[in-house]
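Per-entry structural report
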Amino acid sequence: MRSLYLIGDKISLTEEEVQAIIYHDGQYVDDNKSVAMHEEKLTLLLQYADFWSCSVTENNLPL
């Protein structure tokens with residue numbers, strides 16, 4: 001939410017982009033349960049990218 005506040009007066013975002021920023025952690029965060037199963041495609045893409053980057057880079061798995 002802070003990111004949206006910081007860029008709000010500089011860049012206009014679509015509702016899809018706003019949702020993707022807010023809910024990028026996916027269903028792993030209790031506050032995000034309200035959007036579960038109603039995610040936009042961009043939100044799902046960012047959730048997958050976030051999960052993948054944590055799985056690969058933080059666990060030192062080979063690419």
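This text gives an overview of the structure that appears in the document.

Here is what the cut-offs are and how they apply
- Residues numbered from 1 in each chain as written.
- Predicted model: local features only at pLDDT ≥ 70, side-chain atom pairs only at ≥ 80, totals over all residues.
- Heavy atoms only, no water.
- Helix = DSSP H or I, 4+ residues; strand = E, 2+ residues; numbered from the N terminus.
- Buried < 20%, exposed > 50% of the residue type's maximum accessible area, 1.4 Å probe, protein only.
- Areas by Shrake-Rupley, 256 points an atom, 1.4 Å probe, with all protein chains shown as cover.
- Salt bridge = Lys/Arg side-chain N within 4 Å of Asp/Glu carboxyl O.

1. Quick word on the overall build of the chain
A count of helical and extended segments in the chain gives three helices and zero strands. Helices and strands in the chain line up, N terminus first, as α-α-α. Scored against the burial criterion, the 63 residues of the chain give a buried share of 21%. By element, 58% of the accessible surface of the chain is carried by carbon and sulfur atoms, the whole surface being about 5,200 Å².

2. Observations concerning the pattern of salt bridges
Oppositely charged side chains can pair when the atoms bearing their charge come close. Counted by the stated rule, this structure contains one salt bridge. Between D9 and K10 there is a salt bridge; the shortest N-O distance is 3.4 Å. D9 gets classed as exposed once you look at its relative accessible area, which sits at 66%.

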